[in-house]
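Structural characterization, general
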Amino acid sequence: MRNYLQKLKAFMLVTVLMVFSIAAANAQGREVSGTVLDTEFGDPLPGVTVLVKGTTRGTTTDLDGRYTISVQPGDQVLVFSFVGFTAQEVTIGNQSIVDIQLEEDIQSLQEAVVIGYGTQDKKEITSAVASVSSEQFNRGNFTNPTQLLQGKVAGLSVTRPGGNPNEAPTVRLRGISSFGASQSPLIVLDGVIGASIDAVDPNDIETFDVLKDASAAAIYGTRGAAGVILITTKKGTSKKGISSVTINTFGTAESPTNLIPVLSAEEFVERGGTNYGSQTNWRDEVLQTAYNGTVNASITGGFENTQFLASVNYRNNDGIVQNTNRESLNTRFNMSHGALNNRLRLNLNLSFTNTDGQNVNSEAVRYATIYNPTAPVFENTEGANRDFGGYFQRPLFDFYNPVALINQQRFTNEQRAAIYSFRAEYDLSDKFTISSQFSQDRFTDLSTQFYSRQDFETGFGRNGQAGQNLFDRTTSIWNGTIRFEDEIADRLNFALLAGAETQVFEERGMNASSTRFLFDQGPNNLGAGGLRLGPGTGMGSFATRAILNSLFTRANFNYANTYFLSASLRAETYSGFGRENQTGLFPAVSAGADLTQVFDMGIFNQFKPRASFGVVGQLPPNPTLALGIYGNGNRIPLDPTDPNSVFVGINQLSNPNPQLRWETTQEFTVGLDFGLFNGRITGQMDYYQRTISDLIFNTTVPVGAPNEFLPGNFYTAPNIWANVGDLTSAGFEFIASVNDLKLGPVSWTPTVNFTIYKRTRIENIGVGSIQLPEIRQGIPGAPGQNNNPIVWNREGERIGDFYGPRMEGFTDGGEYILSGENPAEFERLGNGLPVGDFGFSNTFIYGNWDLNFLARGSFGHMIYNSFRGFYENADGASNSWNSVVTRNTPTNPLVTSTPTFSDLYLERGDFIRLDNLQIGYNFPTNSESINNLRFYGGVQNLITFTQFSGVDPEVRWTDTEDVLNPNPLAPGIERRNTYFLPRIVTLGLTLTFK
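Each chain has its residues counted from 1, running along the sequence as written. Two thresholds apply to this predicted model, a pLDDT of at least 70 for residue-level local features and 80 or more for giving and counting side-chain atom pairs, whereas whole-chain, interface and lining totals are computed over all residues. Remark: hydrogens and water are excluded; side-chain values derive from all non-hydrogen atoms of the structure.

The next point concerns the sheet that holds strand β14 (residues 192–193). Any two strands between which DSSP finds at least two bridges are classified as paired. Strands are runs of DSSP state E lasting at least 2 residues, helices are runs of H or I lasting at least 4, and numbering of each runs from the N terminus. Spatially, 5 strands are ordered β10-β15-β16-β13-β14 in an open sheet, and the strand pairing comes out mixed. Either end of the sheet is taken by a strand with one partner, and the two such strands are β10 (129–133) and β14.

A separate point is the side chain of Ser-196. If you trace the backbone, Ser-196 turns up in the loop between β14 and β15 (205–211). When accessible area is computed with a 1.4 Å probe and restricted to protein chains, residues below 20% of their type maximum are described as buried, those above 50% as exposed, and intermediate ones as partly exposed. Overall, the relative accessible area of 7% leaves Ser-196 in the buried class. Sequence-distant contacts of Ser-196, that is, excluding residues within four places in its chain, are made with Ala-417, Ile-419, Asp-441, Phe-443 and Arg-473. Any two residues whose heavy atoms approach within 4.5 Å at even a single point are treated as in contact.

Attention shifts here to the pattern of salt bridges. Salt bridges are defined as contacts in which a side-chain nitrogen from Lys or Arg sits within 4 Å of a carboxyl oxygen from Asp or Glu. Counted under the stated rule, the structure contains 47 salt bridges. The salt bridge partner of Arg-570 is Glu-572, with a shortest N-O separation of 2.6 Å. Each member of the pair, Arg-570 together with Glu-572, is buried. For Glu-827, the salt bridge is made with Arg-806, and the minimal N-O distance between the two is 2.8 Å.

Here we take up unusual backbone geometry. Along the chain, Ala-782 connects to Pro-783 via a cis peptide bond; the corresponding omega equals 0 degrees. Of note, Pro-783 is situated in the loop between β40 (774–777) and β41 (791–794). Residues other than glycine seldom take positive phi values, yet Asn-678 does so here, at roughly 55 degrees. Mapped onto the fold, Asn-678 is located in the loop between β32 (663–676) and β33 (681–693). Residues other than glycine seldom take positive phi values, yet Asp-694 does so here, at roughly 60 degrees. Within the fold, Asp-694 resides in the loop between β33 and β34 (696–700). The class of Asp-694 is partly exposed, set by a relative accessible area of 21%.

Summarising burial for helix α6 (residues 363–370): 7 of the 8 residues are buried, a large majority. Those residues of α6 that sit buried are Ala-364, Val-365, Arg-366, Tyr-367, Ala-368, Thr-369 and Ile-370. Next to the buried residues of α6 lie α5 (282–286), α8 (402–408) and α9 (866–871).

In terms of strand pairing, strand β18 (residues 290–303) meets strand β19 (residues 306–318) through 11 bridges, oriented antiparallel. Note that in β19 the partner of Ser-298 across the bridge is Ser-311. Here β18 folds back onto β19 in antiparallel fashion, the turn holding 2 residues, of which Glu-304 has a positive phi close to 50 degrees. Pairing of β19 with strand β20 (residues 325–339), which is carried by 13 bridges, proceeds in the antiparallel orientation. Within β20, the residue paired with Ser-311 across the bridge is Arg-332. Two successive antiparallel strands, β19 and β20, enclose a turn made up of 6 residues, where Asn-323 displays a positive phi of approximately 70 degrees.

With that settled, the discussion passes to the packing of aromatic side chains. Note on aromatic pairs: the rings of Phe, Tyr and Trp (six-membered ring only in Trp) are paired at centre separations within 6.5 Å, and the planes decide the class, stacked below 30 degrees, edge-to-face beyond 60, tilted for the rest. Using the criterion set out here, one finds 43 aromatic pairs in the structure. Ring plane angle 5 degrees and centroid distance 5.5 Å describe the contact between Trp-748 and Phe-844, whose orientation is recorded as stacked. One end of the pair, Trp-748, is in strand β38 (residues 746–767); the other, Phe-844, is in strand β46 (residues 836–846), and 96 residues separate them in sequence. In this structure an aromatic cluster arises from ring pairing among Tyr-367, Phe-388, Tyr-400, Phe-456 and Phe-460.

Topologically, Phe-564 is positioned in strand β27 (residues 563–574). When the C-alpha positions of Phe-564 and Leu-548 are compared, they lie 32 Å apart, and in sequence the two are 16 residues distant. If sequence neighbours within four positions are ignored, Phe-564 has contacts with Lys-123, Glu-124, Thr-126, Phe-557, Asn-558, Ser-590, Ala-591, Gly-592, Asp-594 and Lys-608.

Counting through the fold element by element, Thr-448 comes out in strand β23 (residues 432–451). When its relative accessible area of 8% is taken as the criterion, Thr-448 is described as buried. Of note is the side chain of Thr-448, whose polar atom sits 2.4 Å from the side chain of Thr-412. Those residues in contact with Thr-448, other than ones at most four positions away along the chain, are Arg-410, Phe-411, Thr-412, Gly-467, Gln-468 and Pro-523. N or O atoms within 3.5 Å of each other form a polar contact, as long as, within protein, one can give a hydrogen and the other can take it, and as long as residues adjacent in sequence are counted only when both atoms are side-chain atoms.

A separate point is the sheet that holds strand β49 (residues 906–908). Strands pair in a sheet through their backbones, by hydrogen bonds, and they do so in one of two ways: parallel or antiparallel. A sheet is described by the order of its strands in space; here 3 strands give the open sequence β49-β48-β52, paired in mixed fashion. What marks the edges here is a single partner per strand, and that holds for β49 and β52 (973–974). Across 3 bridges, the pairing between strand β48 (residues 862–865) and β49 is antiparallel. Bridge assignment links Met-862 to a residue of β49, and that residue is Arg-908.

Once that is clear, we can look at the confidence of the model for the chain. Known as pLDDT, the predictor's confidence for each residue is given on a scale from 0 to 100. Averaged over all residues, the pLDDT of the chain is 90; the fraction at 70 or higher stands at 95%. Across the chain, the secondary-structure element scoring lowest on mean pLDDT is helix α1 (residues 2–28), at 41, and the one scoring highest is β48, at 98. Between residues 1–27, whose pLDDT stays under 50, and residues either more than four places distant or in other chains, the model counts 1 contact. Low confidence marks residues 106–110, where pLDDT is under 50. Its contacts with residues over four positions away, or in another chain, come to 5 contacts.

What follows is the structure in structure tokens.
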């Protein structure tokens, strides 16, 4: 009993002491409360973490930004932190109320880089990835979003020779990636793979993330062989109950520049030209100063756990050639919502774009330069009024009135693009997240062609001609992923992504055309045409469907924010390949280390060497190539006496190839990310080597010979799609920025980038018995140059080499003296692809003023000046056509030879162009409703420094003689139908209010 009482007394004593201790502690502790606001808008910030420094005691702010926290004696500092804002420390002292304002941390907001199927901290990136935010975009009037990146990313070339508003730029990442399949980078728009670039307006884009090397692109498997451009559109705000409306509107005036000089009417007659008695400046008759307008309006907002953005974008672009126009209306709605304490996140993205384009016959551009300057526009004679609508016309070879061409022919495109994307993401735990996304990308293009009955070029001999083409494409994509993230060991963070995806590609189209109309009715009454057979007529349709199924995984390791490793693998099966080769594997691995975390490197605050290797594939240009293609043949009357017995025969267009397989790209990259002087200078450099194997190409075969791809069968068509070649290339890329350099009161941020290409070399062309030691392309054309291809792609040599004779001089009579007269004597004269590209962008800020400009250029490429190649000689044909006169035109003696290709007509395309310049002023405003008011003005294509005497020294990555099928094996040719280059002056206003 005694022991029990002692234990009871001891227990009661300890209890009393604990009660008194707790009471004493509570008597000394107290509460601190307050509100956290954001500096820019003064809005409450929910979810801000408030910690007592040096402890784990803390809380978070509520929806109104309020918090309450208990502090103890000795607690001296509170730490406030929130994603996207700069952390702030506040000394407590004797305060019981602590209200603070947090500032947005722009640098931290830019640290997250979008990669395939997610994001990654910039510090962890070990592949060649470039990010460009909206603040860095080019400024001006751009009809295509990729033009925002022109000159901004090392290794990325965005070119559009001339200035046709309906012509899309050519985009190349690290040069040539194929010559039989697609060479354009894959577009991923808000996670929608292969999205139409027309489905987004430039004004709605927040960031571009460019996956340049194969290790970064391999997560997209067969669709990433030419690189990947990830586009992220603007989102709503997370601030409760806040909405902002932004209106951006600008007008432009576009005027033609760099018109090639031609002979005046007097000079033309003096040199022996045919005189029709007038003086006409044909370019004045065809060209115009185009006045255009753009309006962008958007509203962003948020409430509770929902954010949204809605935008409307209208653009009208008349071309500097009369009767050319592009008008587009884009609408977008983005919404995200968090539920179940934000463990479930839902995203909805919708966009719709209507684009109506009107074009003219591109040959009108040529005739505006070389048509007879003594000919009148109109001819008031009975025959001209009856037959040609009063226009002057003459029955000469290749001789058409350009004003008549642009008024008596009409070509239109009505394009409709829509993207629907739905995404759900759920946190199973703090470590596991599952997600699923379904998207559908729909694109429809209705094009029409119309030639008047009085159109001398096409319609006159056919009593008019009209046609329509309808093309429809639908891509449906579903994917599901699971992501695991954890610290699996001390300071070793691990992230694993695994997923599956199905992509369904459906295309269909139809066309119809007829001739012989009683009167002009346009293209919308084709049944009024009297002829459905023969030249200018036709009817056809097609439909294809293909499926791409994929499994993929990626693992990322981060040890102590110093050493980084990433590896991925994608397996894909595509229905469009041969039955023996429908599945492929695409692995990638990359690693890097920030050595500044290991050593004291002085001025460097980042020094991260990295290396990567990846394999990507390439889809064929059509999903039916492995099967062989059949088309419509001739009409066959089974009974000559019965008109109803006519049937259309079958014509095999291509042989089957069940062994057709992936075109594979292997790429090795070593790079360095660096930062100096505490981030004042940042940049990266990369060297890459690329090998492309099993190139998909359509090659000729002997009909009747054994089909080695299908043993036991014979070639029954003159060509076959096969894997026939290998390419190699390499390059060096560099980019560096000086951030916020102070020049007195002026802040200057310059960025320079350049790329050095080791031109693509053909290692071999051929497979089995099919051997092609060279592929000759690039025929200059008529008159007289239809049988002399000038670009020879030879095994063991570079793509794009010009071959021909060298000009050794002229006879006294102005005849050519050439180094060789036949192809066996021709020499390599140069190459149409560039050795390097560069860009130099600058931002200056002085008070409320800002100035942005970009200078860019390319060098090392040669260009065939086809205007000189056909129209500078004083030969017999010059009596009909006008002649161009440039600083490169021989005048002593005048060249009297019939035009023939030689190095005389090859010119260096090196250029430096002040591409766009914009100056703006942000008006200070104390209004409660107006948040931002900015006026700006700018100029695009301000000045170009070059020795090239043609229309535009821009790089031609492909030959556009056939606009629908650009030829990558004939680069460097400036065709005679190159659209004139405009100078664009812009004035605009941006207004944001809430």
